[in-house]
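A closer look at the structure
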Amino acid sequence: LRLKITDYILKPVNYEEFGACIDNLKIARFQKTVTEAPPEQGERTITGLTRYLQAHLAEDVSLGMLADEFHLSAQYISQLFKSEIGVNFLAYLTNIRMEQAKKLLLATPLSIADISAQSGYADYRVFTKAFKKTEGVTPSQYRREFLEHD
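Take the nonpolar core next. A general tendency of soluble globular proteins is for nonpolar side chains to be buried together. Formed by 19 residues in total, the largest nonpolar core has its most connected members in L53, L66, F81, I85 and Y92. Breaking this core down by element, the ones donating at least two residues are helix 1 (15–36), helix 2 (45–55), helix 3 (63–70), helix 4 (74–84) and helix 5 (89–107). For L53, the contacting residues outside a window of four places in its chain are V61, L66, F81, F89, Y92, L93 and I96. I112, F127, F131 and V137 belong to the second-largest nonpolar core, a separate cluster that totals 12 residues.

Quick look at the structure:
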């Protein structure tokens, strides 16, 4: 974590994990370009969508809600995420929520329930399940392992 390594792959390669790793790299690369660029009045649609998601991370966000907010079709937004970032909308949303959760786990003493709420999950059990699926450990284990190595 201190070296900004966010993922690694062990041999033999599990192709599902490999795909998830590549998706995370695509998202991180896109996020870097968005955060480094100042907001512009005529910015690209995908940039506006991703900035909106970052600003409303703790809220219940869906493709339909984004479509209403940006006056676009849900199908168009879905295609835009796939073509511009390389991942689908749900993968992107889950990734930025997990990144937020990891930051909160390591930087604050907040409870798992509070972190799940701030990361956009109304039910901490759903959050814990999603976190374990993406990170391989529960949020509590993630926090504990970091503190042990610090």
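Turning to its location among the elements, S119 is positioned in the loop between helix 6 (112–118) and helix 7 (124–135). Expressed as a C-alpha distance, the spacing of S119 and L57, which sit 62 residues apart in the sequence, is 6.1 Å. Not counting residues within four places of it along the chain, the set of residues in contact with S119 comprises L57, R97, Q100, A101 and L104. Within polar-contact distance, the side chain of S119 engages the backbone oxygen of I115 at 2.8 Å.

What follows concerns the packing of helix 5 against helix 7. The packing of two helices is summarised by the inter-axis angle and the distance between the axes. Remark: helix 5 packs on helix 7, axes separated minimally by 11 Å, with the N-to-C direction vectors making an angle of 100°. Considering their axes alone, helix 5 and helix 7 lie roughly perpendicular with respect to each other. Between helix 5 and helix 7, the residues in contact are T94, M98, A101, K102 and L105 and F127, A130, F131, T134 and E135, respectively. Of the residues that constitute the contact of helix 5 with helix 7, the class distribution is six nonpolar, two polar and two charged.

Time to look at helix 4. Because each turn of an α-helix spans 3.6 residues, side chains separated by three or four positions end up pointing in the same direction. Those residues of helix 4 not exposed but buried are I77, L80 and F81. For helix 4, the angular spread of buried residues about the axis comes to 95°, placing them on one side. Within helix 4, the exposed residues directed more than 90 degrees away from the buried face are Q75, K82 and S83. The inward-facing, buried residues of helix 4 contact helix 2, helix 3 and helix 5. In the stretch just after helix 4, G86 is the one whose phi turns positive, near 100°.

Within the structure shown, the criterion is met by three salt bridges. Between K102 and E99 there is a salt bridge, with its nearest N and O atoms 2.9 Å apart. Taken together, the residues span about one helical turn, with K102 and E99 both in helix 5 at a distance of three residues. Note on E99: relative accessible area 29%, which makes it partly exposed. Through salt bridges with shared partners, a single network forms among E99, K102 and E135.

Let us look at the packing of aromatic side chains. Under the definition given, this model contains six aromatic pairs. Plain terms: the ring middles of F81 and F89 are 5.4 Å apart, the flat faces sit at 75° to each other, and that makes the pair edge-to-face. Of the two residues examined, F81 and F89, each falls in the buried class. The structure contains a cluster of three or more aromatic residues connected by ring pairs, namely Y121, F127, F131 and Y142. Directly above the ring of Y121 sits R97, whose terminal nitrogen or CZ lies 5.4 Å from the centroid.

About the criteria used
- Note on numbering: residues in each chain are counted from 1, in written sequence order.
- Only residues with pLDDT of 70 or above have their local features reported here, since the model is predicted, and side-chain atom pairs are shown and tallied only from 80 upward, although totals for entire chains, interfaces and linings are computed over all residues.
- With hydrogens and water excluded, all non-hydrogen atoms of the structure serve as input to the side-chain values.
- Here the nonpolar core consists of buried residues drawn from Ala, Val, Leu, Ile, Met, Phe, Trp, Tyr and Cys, with membership extended through side-chain atoms lying within 4.5 Å.
- Here the term buried applies to any residue with accessible area under 20% of the maximum for its type, exposed to any over 50%, and partly exposed to those in between, with areas from a 1.4 Å probe on protein chains only.
- By definition, any uninterrupted DSSP run of H or I lasting at least four residues is a helix, any uninterrupted run of E lasting at least two residues is a strand, and each is numbered from the N terminus.
- Contact criterion: two residues are considered in contact whenever any of their non-hydrogen atoms come within 4.5 Å of each other.
- Throughout this description, a polar contact denotes any pair of N or O atoms lying within 3.5 Å of each other; where both atoms belong to protein, one of them has to be capable of donating a hydrogen while the other can accept it, and for residues adjacent in sequence the pair is counted only when both atoms sit in side chains.
- Between N-to-C directions, angles cover 0 to 180 degrees, with each direction set by a line fitted to C-alpha atoms, over the stretch in contact for helices.
- Each angle is binned into one of four classes, with values under 35 degrees roughly parallel, values over 145 roughly antiparallel, values of 65 to 115 roughly perpendicular, and all other values oblique.
- The classification used treats Ala, Val, Leu, Ile, Met, Phe, Trp, Tyr, Cys and Pro as nonpolar, Asp, Glu, Lys and Arg as charged, and all other residues, Gly among them, as polar.
- Within this analysis, the arc is defined by the directions that extend from the helix axis to the C-beta atoms.
- By definition, a salt bridge exists where a carboxyl oxygen of Asp or Glu is found within 4 Å of a side-chain nitrogen of Lys or Arg.
- To pair, rings of Phe, Tyr and Trp, with the six-membered ring standing in for Trp, must have centres within 6.5 Å; the planes then decide the type, stacked if under 30 degrees apart, edge-to-face if over 60, and tilted in the middle.
- Either the NZ atom of lysine or the CZ atom of arginine qualifies as a charge over a ring when it sits within 6 Å of the ring centre and within 35 degrees of the ring normal.

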